[in-house]
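Survey of secondary and tertiary structure
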Amino acid sequence: MQMHPHRRRHRKTSTTRHEWRARQASPLPSRARVKASDSQGRTDSGGFLSLVLQRLGWEELNGLNQRKHGAGSPTRVLTRGQLLVAVIFHCTVGWAGSLAEHLFCLFGIQMAESSLSERRQALPFEVFKELLRRMLRPIAGANPQGFFGRWRLVAIDGVSFSLANTEQVKAKCKKGGNQNGRAAFAKLQCAALVEVMFHNPLAACVGEPGDSEWKLALGLLAHLPQECLLLADRLYGCGAFLLAAVERLKQCNGRFLVRAKENLKVVRRGRRFKDGSQQVEIKVLDPANHHRVIATLEVREIRATVQRRGHRPVRIRLWTNLSCAEASAQELVRLYLARWEQELYFRELKWHLGINDLLRSQTPETAAQEVAAMIIGSSLIAHERARLRPGEELAHRISFIKTWETLEPLWLTLLLGDDILTEDQKQRLCDRFYTLAARRVMAKKRNRSCPRAMRQPVQPWPRKRGQKSVEGPLQVSLRSRR
């Protein structure tokens, strides 16, 4: 009796499924086990793998085994630690190539792009949150220029990345808008705590769709290091944020210096100091109800005007808990200008480690992984740059991009020459690369200011007809409140 073709096809599929289950239950092939263990035992003696494993070993990396589903190649072919290291490497180096090509370069494992994509999508972001928590750390024995007195200079701020217009992104993320209409791309928010002079991230928080920068920054206060001086811009110059920051700063013996908006009112004005600053009492509003005052906070207020010759003056208003004995008003105004280093760090993150602010990932989940991996990679480069000794007090002015461009060929040479070069040859090669990188010091930055006007006539901004640039030292004049 002849069987119906549909039933025959169904029966054949069922048999294949049983055979597949039997193969899964059988012992692992020795070739696959050796391949995974051999590639994980690979080392590059001072290269990228060594830098990562100095912070987190294979056992800890493989212990981050949370998984949303079982799609993708099994761990006997590619372990969890190898996948995480490959993603960080892929988002750090500037070599043209896919994740599969970079994986083969690192471990000699050949895998299809589709399998790697499934493995990445199975990764919950909690894994990368744990990676950020464990791998980001301060620079030990940093240059004195990274400190103000005994306090380590750190800054907190946010940055947004653009997501590609894929179907997955459109389904989960909404595009914002501005004065010119609807935005072209959906945004991914991220907040970071950075050592300002060394561009070294200490902590980072990548948000989900809809999370605000202010909310993400509150989660970073728990990562403030001991004896630090926190710098922040006007977004954080409010009583609610300062109250949360003060509670943490008391535990770590830290201080804050925050810029406040000019139109914020104070509850009471107190003693005026000789340097022009004044003790004031500010309101702490409930974040859920802005009409409800939950507490008050006393801070020292500094009002100043910053101007360069031939350019318009800029008024700034600063709040701090530093006393007059610890820092004068003039010193604090000039110190606050160092906060711009964090903006330069974000530029390096977007335009040097990334192509631009448009991420390459196709889903919101993998985009968050890409940002986290870029931040970890920037931390590795910042620590390597801090090791360079150019013989002068300008360690933080060694070019980030030139250090990165010098490290990349070194990492590739150590990977390819792992079984060819001896340990002594590898060490001598590293020493020569680091000597070369230490010579690549940037020239002293010019005092320069450009007008706030757009190059193209977009209303209501003024048309910029000529490029104007004013050079010269900053003139700071303190102003008192009448």
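The residue numbers shown here count from 1 along each chain, following its written sequence. Side-chain atom pairs in this predicted model are given and counted only at pLDDT of 80 or more, local residue features only at pLDDT of at least 70, and totals for whole chains, interfaces and linings cover all residues. To get the side-chain values, take all heavy atoms of the structure and skip hydrogens and water.

1. Focus: the pattern of salt bridges
Think of it this way: side chains of opposite charge can pair up when their charged atoms draw near. We count a salt bridge whenever a side-chain nitrogen from Lys or Arg sits within 4 Å of a carboxyl oxygen from Asp or Glu. A complete count under the given rule lists 23 salt bridges for this structure. Residues Arg 303 and Glu 262 are paired through a salt bridge, measuring 3.1 Å at the closest nitrogen-oxygen approach. Of this pair, Arg 303 sits in strand 11 (residues 289-307) while Glu 262 is found in the loop between strand 8 (255-259) and strand 9 (268-272), placing the two residues 41 residues apart along the sequence. Here Glu 301 ties to Arg 269 by a salt bridge, and the two come within 3.0 Å at their closest N and O atoms. Taken together, the residues Glu 301 in strand 11 and Arg 269 in strand 9 connect sequence positions 32 residues apart. Looking at Glu 301, the relative accessible area reads 3%, which means it is buried. Linked by salt bridges that have partners in common, Glu 262, Arg 269, Glu 301, Arg 303 and Arg 317 make up one network. Runs of H or I in DSSP of at least four residues are treated as helices and runs of E of at least two as strands, each being numbered from the N terminus. For every residue, the accessible area (1.4 Å probe, protein chains only) is compared with the maximum for its type, and the residue is labelled buried under 20%, exposed over 50%, or partly exposed between those bounds.

2. Quick word on the confidence of the model for the protein
The pLDDT value tells you how sure the predictor is about a given residue, anywhere from 0 up to 100. Considering every residue of the protein, the mean pLDDT works out to 80; 79% of them sit at 70 or more. Contacts are residue-level and defined by heavy atoms, with any inter-residue pair within 4.5 Å sufficient. Within the model, pLDDT remains below 50 along residues 20-34, and this stretch shows five contacts once partners closer than five positions in the same chain are excluded.

3. Describing the nonpolar core
Core analysis: the largest hydrophobic core is formed by 76 residues, its most contacted members being Phe 48, Val 85, Leu 106, Leu 131 and Ile 375. Among the elements that make up this core, the one with the highest residue count is helix 14 (residues 364-387) (ten residues). The contacts of Ile 375, once residues within four sequence positions are left out, are Leu 132, Leu 136, Cys 190, Pro 201, Ala 204, Tyr 345 and Leu 349. Among buried residues, those of type Ala, Val, Leu, Ile, Met, Phe, Trp, Tyr and Cys that are joined through side-chain atoms within 4.5 Å constitute a nonpolar core. Membership of the second largest hydrophobic core comes to 30 residues, among which are Leu 224, Tyr 236, Val 246 and Trp 319.

4. Thoughts on the packing of helix 6 (residues 99-107) against helix 7 (residues 113-121)
Helix 7 packs onto helix 6 with a crossing angle of 90° between their chain directions and a minimal axis gap of 9 Å. As far as their axial angle goes, helix 7 and helix 6 are roughly perpendicular. Contacts from Leu 99, Ala 100, Glu 101 and Leu 103 in helix 6 reach Glu 113, Leu 116 and Arg 120 in helix 7. Ten residue types, Ala, Val, Leu, Ile, Met, Phe, Trp, Tyr, Cys and Pro, are classed as nonpolar, four, Asp, Glu, Lys and Arg, as charged, and the remainder, Gly among them, as polar. Across the contact of helix 6 with helix 7, the residue classes break down as four nonpolar, no polar and three charged. Helix axes are fitted to C-alpha atoms over the stretch in contact, other axes to C-alpha atoms as well, and angles between N-to-C directions run from 0 to 180 degrees. Our angle categories are set so that under 35 degrees counts as roughly parallel, over 145 as roughly antiparallel, 65 to 115 as roughly perpendicular, and the remainder as oblique.

5. As for the pairing of strand 6 (residues 200-206)
A regular strand places its side chains on the two faces of the sheet in alternate fashion. By the criterion of burial, strand 6 is predominantly enclosed, with six of the seven residues buried. Should DSSP find at least two bridges between two strands, the strands are regarded as paired. Examined bridge by bridge, strand 5 (residues 186-195) and strand 6 share six bridges and lie antiparallel to one another. By the bridge assignment for strand 6, Ala 191 is matched with Cys 205. In this structure, the hairpin formed by strand 5 and strand 6 is closed by a connection of four residues, where His 199 is found at a positive phi of approximately 55°.

6. A word on the environment of Trp 151
Within the secondary structure, Trp 151 is located in strand 2 (residues 151-163). Sequence separation of Trp 151 and Gly 254 is 103 residues, and the distance between their C-alpha atoms is 7.2 Å. Discounting residues that sit within four places of it in the chain, Trp 151 has contacts with Gly 146, Glu 227, Cys 228, Leu 229, Asn 253, Arg 255, Leu 322 and Glu 326.

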